[in-house]
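# Coordinate inspection notes
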Amino acid sequence: MNAFLNVEMSLTGRRWVGPTIEADRLAEAMAQTTRLPLPLARVLVARGVAPDEAAGFLEPTLRDLLPDPHNLKDMETAAARFLRAIKAREKIAVFADYDVDGGASAALLLTWLRQFNASATLYIPDRIDEGYGPNVPAMQELGRNHGLIVCVDCGTLSHEPVAAAKPADVVILDHHLGGETLPPAVACVNPNRQDESGDLGHLCAASVVFLMLVEANRQLRAEGIKGPDLMALLDLVALATVADVAPLIGVNRALVRQGLKVMARRERPGLVALSDVARIDRPPTAYHLGFLLGPRVNAGGRIGAADLGARLLATDQQAEAEALAERLDRLNSERRDIENRVREAALAQAESRGLDGPLVWAAGEGWHPGVVGIVAARLKEATNRPAVVIGLENGIGKGSARSVAGVDLGAAVQRVAAEGLLLKGGGHRMAAGLTVEAEKLDPAMARLAELLERQGAGAGGPTDLRLDGLLMPGAASNALVEDLDRAGPFGQGAPAPRFAFADMAISGARRIGETHLRFSFGDGLGAKIDAIAFGAFDGALGDILSAGGAGRFHLAGKLEINSWGGRNKVQLRLDDAARA
């Protein structure tokens, strides 16, 4: 297949790939039969949507897509044990991971319990001192003082800590890859248990918790008791789904779509306060969740007090919410400074090691473990290869890994741990965590690279940039952007539509901040569009496009509406460019 617009190597080193002739034919047929705009029909065809499925895809509903909680093993047992603890007024503890998914999962339970005038002890381990997941001392202490411990977004591989919780019962609500055996919990609800079908493996932990609450409400209804309003909790599920980079497919689309509507009502004090400090002045989108709210919630677990994010999401007090949001915003600024320093060092080290293998990795003494995951994601994005970044201290390395589409990183990390090269390790397809002794670092990374290479990591030539078609500037209207947004929300597994504009003249190019570029472009026929290229000066893109008299370019990116001064204008968020 020929490269789209004959772009074999763009200014960022990518090959452009557009719709096939067959996809174009299907899109035109869909546009005729459904009366949808052709650009939207192209997007739907690229998603594998048939004409008779288009209406349902554009309006996903939980009524149609929410799975029966009974489809997950141990679900009835988990909900029954949870309700029994409430009715018996047992002391309940919630042990949660320190990221957004863990915090939102905990907040779901705490908010639901509040409707019954019940409460729970919130326990989130310190990332540095305790590490990920339940540990023996913490579980022993909680077990002595509580009748039930609910582990959310963790616990599936925690055999010894769960056993240490006796005499308390433990219920696990998780989504991380399970091992060959399960810990001795009363219930372990996890769509990624080895004895599950995997059909719901794309759910984040908060979605698993939500399904448990659906089942709890069902059991209460059978007793003639009305449970809390679950739809009002979907803002938390949406935030967790996007921030945990769960694929926006199937029920996840419906959960996020509905959750954004709930969030727009501004009823949860924590999210209202956080949106205000993040200066979000419009209805929230998946972008806001992933890039503005998520990082701030995560900041507490990364470099501050681990429970700040969960407390923010769970509180019903405005003053507390505002104080926590301000603190998390400050911590997020500190996190960015630390991240930038580690990123520069990690990239330099990875480049010296070589970026053409199946795995890109870097390790450094004193690198803050709270930012290694973000830096790994940056390395992955820059190289299109799985990446691992590890912070070393006292001969022990704690690291995070991020993967690319089609490569199951969590399974590979789990295997390296089982072979004894890691002290521990696990995760899911797109992300994993690991702990390694410094003297085993090189052989562990070599073995991980070998396993990833077998899955095809690092193979092939230039990275493909997939495009949904060609547009003229005059067609890029506010109405078109609104039509395209109906195919959302966009994110992991559901990329935002990306279009090309051919043979454009650039004008008014100017640098914004340190690395960004703003400019306008047009085809000479009167229509002009503003564009923003974030991080353009991190590579050659910024200098080439901003050079005077640089010629004409093919441009590729995503259309969005820029609201400024009371006006809404279409702009292109530039992803790539090539000389025309």
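All values derive from a computational prediction rather than experimental measurement. (Residues numbered from 1 in each chain as written. Predicted model: local features only at pLDDT ≥ 70, side-chain atom pairs only at ≥ 80, totals over all residues. Heavy atoms only, no water.)

## Topic: helix 15 (residues 318-353)
The line we're drawing: Numbered from the N terminus, helices here are DSSP runs of H or I no shorter than four residues, and strands are runs of E no shorter than two. Between the first and last residue of a helix there are one fewer steps than residues, each counted as 1.5 Å, and that sum is the expected span.
Taking 1.5 Å of rise per residue, the 36 residues of helix 15 would be expected to cover 52 Å, and the 50 Å separating its terminal C-alpha atoms lies within 8% of that figure. Following helix 15 by one or two positions, Gly354 adopts a phi angle in the positive range, close to 110 degrees.

## Observations regarding the side chain of Glu560
The test is simple: Throughout this description, a polar contact denotes any pair of N or O atoms lying within 3.5 Å of each other; where both atoms belong to protein, one of them has to be capable of donating a hydrogen while the other can accept it, and for residues adjacent in sequence the pair is counted only when both atoms sit in side chains. Note on definitions: a residue-residue contact is assigned when non-hydrogen atoms from the two residues lie within 4.5 Å.
As for its placement among the helices and strands, Glu560 is situated in strand 16 (residues 552-564). Of note is the side chain of Glu560, whose polar atom sits 2.6 Å from the side chain of Gln571. A distance of 3.0 Å separates a polar atom in the side chain of Glu560 from a polar atom in the side chain of Arg573. Leave out the neighbours within four places in its chain, and Glu560 touches Val481, Ile532, Lys569, Val570, Gln571 and Arg573.

## Quick word on the pattern of salt bridges
Opposite charge on two side chains permits them to pair, given that their charged atoms come into close proximity. Put simply, the test is: Any carboxyl oxygen of Asp or Glu that lies within 4 Å of a side-chain nitrogen of Lys or Arg is treated as forming a salt bridge with it. Buried, partly exposed and exposed residues are distinguished by accessible area as a fraction of the type maximum, computed with a 1.4 Å probe on protein chains only: under 20%, between the cut-offs, and over 50%, respectively.
Evaluation of the coordinates by the stated rule reveals 33 salt bridges. The salt bridge involving Lys87 is made with Glu223; its shortest N-O contact spans 2.8 Å. Of this pair, Lys87 sits in helix 5 (residues 75-87) while Glu223 sits in the loop between helix 9 (205-222) and helix 10 (234-243); the two residues are 136 residues apart in sequence, bridging distant segments of the chain. In this structure, the salt-bridge partner of Arg335 is Glu339, at a minimum N-O distance of 2.3 Å. Taken together, the residues span about one helical turn, with Arg335 and Glu339 both in helix 15 at a distance of four residues. Accessibility classification places Arg335 together with Glu339 in one group, the buried group. Each member of the salt-bridge network shares a partner with another, and the members are Arg415, Glu419, Arg447, Glu450 and Arg454.

## Thoughts on helix 19 (residues 478-485)
What counts here: Note: the arc covers the axis-to-C-beta directions of the helix.
Taken together, the buried positions of helix 19 are occupied by Leu480, Val481 and Leu484. In an axial view of helix 19, the angular spread of the buried residues amounts to 100 degrees, which keeps them on one side of the axis. Elements that come into contact with the buried residues of helix 19 comprise helix 2 (38-46), strand 13 (499-512), strand 16 and strand 17 (567-579).

## A short note on the nonpolar core
The criterion, for reference: By nonpolar core is meant a set of buried Ala, Val, Leu, Ile, Met, Phe, Trp, Tyr and Cys residues that side-chain atoms within 4.5 Å join together.
Counting residues in each nonpolar core, the largest one holds 100 residues, and the members touching the most others are Phe82, Leu109, Trp112, Leu173, Met212 and Leu213. By residue number, the principal contributor to this core is helix 9, which donates ten residues. Filtering out sequence-adjacent residues up to four positions away, Leu213 remains in contact with Phe82, Leu108, Leu109, Trp112, Leu230 and Leu233. Core analysis: the second largest hydrophobic core is formed by 41 residues, Ala27, Val45, Ala476 and Leu559 among them.

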